[in-house]
2 protein chains.
Amino acid sequence: MTLVAPANGRSGGGRRHGLLTAVARQAGVSVGTVSKVVHGRRDVGAETRARILEMLSEAGWSSDQPIVTAQRILVVFRDLDSPYPLELARGLVDAAAAQGFEVVVGTTMHRSVTEWIDGCDRPDVAGMVLVISRMTERDQRRVLDTHVPVVLVDPLSEPMPGVPNIGVTNWRGGRDAVQHLLDLGHRRIGIVAGRPHSPAGGARLQGYRAGLHEAGIAFDSGLVRPTDFDYEEAIEAACSLLSGPEPPTAVFATSDAQALGVLEAARRLHIAVPDELSVVSFDDTSNAATASPPLTAIRQPFEELGQVAIRVLQETLEGTAPGVDHYELATTLTVRASTAPAPAAGSVDHPGHRERS
Amino acid sequence: MTLVAPANGRSGGGRRHGLLTAVARQAGVSVGTVSKVVHGRRDVGAETRARILEMLSEAGWSSDQPIVTAQRILVVFRDLDSPYPLELARGLVDAAAAQGFEVVVGTTMHRSVTEWIDGCDRPDVAGMVLVISRMTERDQRRVLDTHVPVVLVDPLSEPMPGVPNIGVTNWRGGRDAVQHLLDLGHRRIGIVAGRPHSPAGGARLQGYRAGLHEAGIAFDSGLVRPTDFDYEEAIEAACSLLSGPEPPTAVFATSDAQALGVLEAARRLHIAVPDELSVVSFDDTSNAATASPPLTAIRQPFEELGQVAIRVLQETLEGTAPGVDHYELATTLTVRASTAPAPAAGSVDHPGHRERS
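Residues numbered from 1 in each chain as written. Chains lettered and ligands numbered in written order. Predicted model: local features only at pLDDT ≥ 70, side-chain atom pairs only at ≥ 80, totals over all residues. Heavy atoms only, no water.

Asker: For this particular structure, what's the right way to read the overall build of chain A?
Answerer: Of the regular secondary structure elements, chain A holds 13 helices and 14 strands. Burial analysis of chain A (357 residues in total) assigns 59% to the buried set. Sequence separation of 24 or more characterises 73% of the internal contacts of chain A that already satisfy a separation of 6 or more. For chain A, the accessible surface area stands at approximately 13,700 Å², while carbon and sulfur atoms represent 51% of it. (Helix = DSSP H or I, 4+ residues; strand = E, 2+ residues; numbered from the N terminus. Buried < 20%, exposed > 50% of the residue type's maximum accessible area, 1.4 Å probe, protein only. Contact = heavy atoms within 4.5 Å. Areas by Shrake-Rupley, 256 points an atom, 1.4 Å probe, with all protein chains shown as cover.)

Next up, the structure:
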């Protein structure tokens, strides 16, 4: 008897419910744990293993039979060229390993999303996690059509109906960043924001606006610089922001890449951080903790993102997915050394100030 | 007919040479390309595909037959907690994808090296890349025993006979770092080195010593601070180094993590980089380019490390491995903004200097 992974609950077609699911439910363990026992993996408790083996045996399975179990998860990124996808990869690899899954990591540099889906329509693949900010229409249709379980993580495009997606509280995080600066007495707060087409970036900007509004501070579009989540672009944008006639005393950068660019711009302009300029970042990859100075940042919960993505795939596989399509995990504020109380008025010698005097 | 991947050239036992290798040789392409055709992958040129299909057909294969091809490579790290393993992962994933392999990424957090090897002794796995700095004796024995092709990347332990290992020119890179500082006029050069047990760290330290020796500068053990390749430890070590009575005018940090610690130490001591202190790093992960100031660094060729690792696995699989066990890829110097000519004597107001006056 060939064991086959449980059917994908989404489309209901294509695969039979396998013995693994039945045994998992009977034993009160996950399908992944039964899979480990079938594969002779050692990281299962002896009592649990014995119980599972007995149930498998009663169901007619023996260890010399071929098995095809859904033990592999594909995680596909656009690329791995920056800390953000790499930290997500880490969260996913760790979470998947804890559940007994192997993780195939790939990018769309050599294969399109469609080709990846085509390639993983086989019984050993439990599902796919896509971390692709923007997909072509063709790829989106393939995601909607396939019966392979797919989860999207932090898509920058609009969510697709019926495809679970997991993100973070971008709006709330943006507001929390501004609130932290307001608490330190800052009133003139700039933002190096994302591009207009980016829903995540847009939400962070809206959070910034909401924070200012709640404090009775008028929104000033002159304090906004939209760039890609890109270090080099942010240096240029921050130099512009900090060289104006009335520069901000604090800047909220909506990604670590941009925050590092703001720090570099400040260094080039001989503006001391945090004494003369406070900087808050968003993401909190390892870059933030080792920046100079270490960055106060709104943290994306990378480990939890991985855990929820894997859990949603498991539930889809076992037909127990809750029907909730959109998950927003809470960001948190990590305070480090890049923020400080606002300098007293007139005490800061910015390049912009020097030009006026 | 079931196709099976070619035998592992190392042990000569266990697997039959498969049709894929024969067709690959006949067609003058890689086994990976034949595998792509067999799997119906689209990223093969039409003329090549037709030629390969004809040869397969002549050999009796047709597309409805089950296939087991070695298309998966396992890459196992100790963890993915720092930029270095993540950049290596990227290099390996990209190089493998270009050759038609899928990459399973794992760590030893949940499975030991032995358990990973046990789990990948199956026909679909082409081989393993281990990026584990130090292995237990048990794991080393398992690596030596297995007939699964294994390649070690940048092991910090001594190389194991018969197991290909790929590293970088640590000694030469250390010497190049020092030479760059000597060219800028520095004479008193500190080093935040690796721990004594680390062969890679030791080689970088020896390169530093060789560079000084060639310039006729006496080695001063008081300018050496051995730490793990760790940011926090390096901050403390650099604070000590920079607070002494005769602090160095330049520091060579033997990893990006340590270099970032040196930058942070300098910031805390109000020492301007590079005006008062030059800093050279080793690794050149993305952290180095976005540091403040962007770090001059000895670059580890991450992409080439990945490419060579994949190629050696392919050659081992196809039985054409050259018999060379140890590869050292050349590092290069990337000059950025953290190094500058040595300040004139007496012009630097270091904390150490202030204590004396």
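There's plenty left to go through after this.
Asker: Hey, could you run me through the sheet that holds strand 8 (residues 189-193) of chain A in this one?
Answerer: In any sheet, the strands associate via hydrogen bonds between backbone groups, in a parallel or an antiparallel arrangement. Residues and elements named next belong to chain A. Read across the sheet, six strands follow the order 9-8-10-11-12-14 without closing on themselves; strand pairing throughout is mixed. The open sheet has two edge strands with one neighbour each: strand 9 (224-226) and strand 14 (332-334). Averaged over all pairs of adjacent strands, the angle between their axes in this sheet comes to 15 degrees, without regard to strand direction. Of the pairings in the sheet, the one linking strand 10 (residues 250-253) to strand 11 (residues 278-283) comprises three bridges and is parallel in character. By the bridge assignment, Val251 is partnered in strand 11 with Val279. Running at roughly 170 degrees to strand 8, helix 8 (residues 199-214) makes contact with strand 8, strand 9, strand 10 and strand 11 of the sheet. (Pairing = 2+ DSSP bridges. Axes fitted to C-alpha atoms, helices over the stretch in contact; angles between N-to-C directions.)

Asker: What am I meant to see in the relation of the copies chain A and chain B here?
Answerer: The operation relating the pair of chain copies consists of a rotation about an axis and a translation along that axis. For the pair chain A and chain B, the best superposition has an RMSD of 0.1 Å and corresponds to a rotation of 180 degrees with a translation of 0.0 Å parallel to the axis. Both chain copies can therefore be described as sitting about a two-fold axis. Within chain A, Val104(A) has its C-alpha nearest the rotation axis, a separation of 2.0 Å. Most of the interface of chain A is mirrored in chain B, where 100% of its interface residues again form contacts. (Least-squares fit on C-alpha atoms with pLDDT ≥ 70 in both.)

Asker: Would you mind going over the environment of Thr334(B) with me for this structure?
Answerer: Residue and element names in this part refer to chain B. Structurally, the position occupied by Thr334 is in strand 14 (residues 332-334). Sequence-distant contacts of Thr334, defined by excluding residues within four places in its chain, comprise Asp284, Leu295, Thr296, Ala297 and Arg299. Within the structure, Thr334 has its side chain in polar contact with the side chain of Asp284 (distance 3.3 Å). (Polar contact = N/O pair within 3.5 Å; in protein donor to acceptor, adjacent residues only side chain to side chain.)

Asker: Help me understand the sheet that holds strand 12 (residues 296-299) of chain B in this model?
Answerer: Residues and elements named next belong to chain B. The six strands lie next to each other as 9-8-10-11-12-14, forming an open sheet whose pairing is mixed. Looking at which strands have only one partner, the edges of the open sheet turn out to be strand 9 (224-226) and strand 14. This sheet shows a mean twist of 15 degrees between the axes of neighbouring strands, independent of strand direction. Alignment of strand 8 (residues 189-193) against strand 9, held across three bridges, turns out to be parallel. The partner of Ile191 across the bridge, within strand 9, is Val224.

Asker: Would you mind showing me how to read the side chain of His186(B) here?
Answerer: Residues and elements named next belong to chain B. As for its placement among the helices and strands, His186 is situated in the loop between helix 7 (170-183) and strand 8. In terms of polar contacts, His186 uses its side chain to reach the side chain of Thr249, at 2.7 Å. Within the local environment of His186, its side chain forms a polar contact with the backbone oxygen of Ala340, the two atoms lying 2.8 Å apart. Setting aside residues up to four positions removed in sequence, His186 forms contacts with Leu181, Thr249, Ala250, Ser278, Ala340, Pro341, Ala342 and Pro343.

Asker: I'm lost on the packing of helix 4 (residues 83-98) of chain B against helix 12 (residues 302-318) of chain B in this one. Help?
Answerer: Residue and element names in this part refer to chain B. Contact pair helix 4 / helix 12: the axes reach a minimum separation of 7 Å and the direction vectors enclose 50 degrees. Considered as vectors, helix 4 and helix 12 are oriented oblique to each other. Crossing geometry of helix 4 relative to helix 12 is assigned as right-handed. Between helix 4 and helix 12, the contacting residues are Tyr84, Glu87, Leu88, Arg90, Gly91, Leu92, Ala95 and Ala96 on the first element and Phe302, Glu303, Leu305, Gly306, Gln307, Ala309 and Ile310 on the second. (Parallel < 35°, antiparallel > 145°, perpendicular 65-115°, else oblique. Left-handed = near helix turned anticlockwise from the far one by under 90°.)

Asker: Help me out: how do you make sense of the confidence of the model for chain A in this one?
Answerer: Should the pLDDT be low somewhere, the predicted coordinates at that spot are not to be read in detail. Residues and elements named next belong to chain A. With 88% of its residues at a pLDDT of 70 or more, chain A has an overall mean of 85. Predicted confidence is poor over residues 1-17, with pLDDT under 50, and the contacts of this stretch with residues over four places away or in other chains come to 59 contacts. Low pLDDT (under 50) marks residues 353-357, which in the prediction has nine contacts with non-local residues, meaning those over four places away or in another chain. This complex was scored by the predictor with a pTM of 0.79 and an ipTM of 0.77. (pLDDT = per-residue confidence, 0-100.)

Asker: For this particular structure, what's the right way to read the interface of chain A and chain B?
Answerer: Frequently, the measure chosen for interface size is the accessible area that the parts lose on association. Counting residues at the interface gives 44 residues for chain A and 44 residues for chain B. With both sides pooled, the region where chain A packs onto chain B buries about 3,600 Å², and carbon together with sulfur makes up 50% of that total. It is His110(A), Thr290(A) and Ser292(A) in chain A that bury the most area against chain B; as a group they hold 15% of the surface buried on that side. Across the chain A-chain B interface, the total number found is four salt bridges. In this structure, Asp81(A) engages Arg90(B) in a salt bridge whose closest nitrogen and oxygen atoms are separated by 3.3 Å. At the surface where chain A touches chain B, the tally comes to ten residue pairs in polar contact (both at pLDDT 80 or more). Looking at the side of chain A that touches chain B element by element, the count peaks at seven residues for helix 4 (residues 83-98) of chain A. (Buried area = accessible area lost by both parts, 1.4 Å probe. Salt bridge = Lys/Arg side-chain N within 4 Å of Asp/Glu carboxyl O.)

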